Amino acid sequence: MYLQRRNRILRTNASIRNLVAETILTPADFIAPLFIDEGQHVIFEIPSMPGYYRRSLDETIKEVKELWSMGIRSVLLFVKAADDTKDNTGKESWNPDGLMQRSIKAIKDAVPEMLVMTDVALDPYSSYGHDGIVENGEIVNDPTVEALLKMSLSHAKAGADFVAPSDMMDGRIGAIRKVLEENNFTKTGIMSYSAKYASCFYGPFRDALDSAPGFGDKKTYQMDYANRIEAIKETLMDVEEGADIVMVKPAMAYLDIIREVKNSVTVPVSAYHVSGEYAMIKAASKMGWLNEEKAIIESLTSIKRAGADLIATYFAKDAVKLLG
Ligand code: PBG
């Protein structure tokens, strides 16, 4: 048989495969999400996220040091607000002595070069478990944005490198940029959850923070997963309003969106490999139905190949170990 081209030549062995590999994961690609709780010496395994923990701040600091020593350079903070601090205004979210603000300071003190990114949304602080303020059963946009501005500013004051609004209210990126500028926080970045879909894959996360919506769902603010063009509209608007980094979330069921966004913007694109995606791999591996290590690397590689420049993932540590 005469063949002009034999594509298998480039797949003959690992040396040539690695030489021509188009996508290479490195520890610098990952953002490690961290769940923080009040207390001391608390390391609580999240039932729907086996192998992932919610920690008190003292234990979080140890974890951050370990992440840094492994080559992971950014963390994304989420806190579990105490029940008695929750209300419809979400005011605990801008308490200068709140758990988030204390955590930002403590992490920056312990590992100053670690990039600290903070979730900006009201859900952990809301008595309704919604990302915004509720009036007559509706999540109201403009008053919510006002609250997000106070929250963002308090994170910046505490020393956050990036605020990461995950709420999907209209106009919040431009408003946050403006308030940061007006208060001279010219070095604080904005990583916008630009195309965040109303997804069932956030279930385990809501267990981790006890933040499930008390009524209804999040479909009046998070995007409909039937839509693709809308993701581009949302993302372009966030870039225009001042987002430094944009995000697509979740990741694996949205690889087409990641690619489309990547082709549409000139800012870095991040993807959030969310809690449900973590849980799926963990559960199937536990049953012996998937090889966990291979599933982790293949999943993360596919997300990067789709166009993600950075990936928020609960597998950050595992991946770094596996990449050796
Ligand atoms: C809060 C927020 C959520 C996630 C990140 N920020 C939950 C939600 O929107 O309901 C989900 C992350 C994950 O599932 O890993 N707005």
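Below you will find a few notes about this structure. (Residues numbered from 1 in each chain as written. Predicted model: local features only at pLDDT ≥ 70, side-chain atom pairs only at ≥ 80, totals over all residues. Heavy atoms only, no water.)

## Comments concerning the side chain of Arg54
Summarising the element assignment, Arg54 is placed in strand β3 (residues 53–56). A polar contact is formed between the side chain of Arg54 and the backbone oxygen of Ala208, at a distance of 2.7 Å. Ignoring anything within four residues of it in the chain, the contact list for Arg54 reads Phe35, Ile36, Asp37, Val42, Ile43, Phe44, Ile46, Lys80, Asp207 and Ala208. (Helix = DSSP H or I, 4+ residues; strand = E, 2+ residues; numbered from the N terminus. Polar contact = N/O pair within 3.5 Å; in protein donor to acceptor, adjacent residues only side chain to side chain. Contact = heavy atoms within 4.5 Å.)

## Some words on the layout of surface pockets
Its boundaries defined by the atoms lining it, the largest pocket holds a volume of some 330 Å³. Broken down by element, the lining of the largest pocket gets its largest block of residues, 4 residues, from helix α1 (residues 14–20). The wall of the second largest pocket is formed by 18 residues, among which Gly51, Tyr52, Glu63, Lys317 and Asp318 lie closest to the centre. Elements supplying a minimum of two residues to the lining of the second largest pocket: β1 (30–37), β3, α2 (57–70), α9 (275–286) and α11 (316–323). The greatest single-element share of the lining of the second largest pocket, amounting to 4 residues, is contributed by α11. (1 Å grid on protein atoms, 1.4 Å probe; cavity = no way out; pocket = protein on both sides within 12 Å on 5 of 7 lines; lining within 4 Å. Points joined across faces, edges and corners; volume = space filled by probe spheres on them.)

## Some words on the site of the ligand
Not every one of the 18 residues close to the ligand is listed here, only the nearest: Lys196, Arg206, Lys249, Ser275 and Tyr314. A distance of 2.8 Å separates a nitrogen atom of the ligand from a polar atom in the side chain of Asp131. The side chain of Arg206 places a nitrogen or oxygen atom 2.7 Å from an oxygen atom of the ligand. In isolation the ligand offers 400 Å² of accessible surface; the protein chains occlude 100% of this area. Most atoms of the ligand, that is more than half of them, are within 2 Å of grid points of the largest cavity. By residue class, the composition of the shell around the ligand is 8 nonpolar, 3 polar and 7 charged. (Near = heavy atom within 4 Å. Areas by Shrake-Rupley, 256 points an atom, 1.4 Å probe, with all protein chains shown as cover. Sits in = over half its atoms within 2 Å of the grid points. Nonpolar A, V, L, I, M, F, W, Y, C, P; charged D, E, K, R; others polar.)

## Topic: the pairing of β3
Looking at chain direction, β1 and β3 are connected through 3 bridges and run parallel. Pairing of Phe35 across the sheet is with Arg54, part of β3. Here strand β2 (residues 43–45) runs beside β3; their pairing, made up of 3 bridges, is antiparallel. Counted as the bridge partner of Glu45 is Tyr53 from β3. (Pairing = 2+ DSSP bridges.)

## Section: the environment of Val267
Among the secondary structure elements, Val267 is positioned in the loop between α8 (255–262) and β11 (269–273). Measuring from C-alpha to C-alpha, the distance between Val267 and Val246 comes to 7.2 Å, with 21 residues separating the pair along the chain. Residues in contact with Val267, not counting those within four places in the same chain, are Val239, Ala243, Asp244 and Val246.

## Side note on the pattern of salt bridges
With the rule as written, the count across this model stands at 19 salt bridges. In this structure, Asp87 engages Lys91 in a salt bridge whose closest nitrogen and oxygen atoms are separated by 2.7 Å. Residue Asp87 is classed as buried on the basis of its relative accessible area, which comes to 18%. What makes Lys91 partly exposed here is its relative accessible area of 48%. (Salt bridge = Lys/Arg side-chain N within 4 Å of Asp/Glu carboxyl O. Buried < 20%, exposed > 50% of the residue type's maximum accessible area, 1.4 Å probe, protein only.)

Interpretation in functional terms is not warranted from these geometric data alone.
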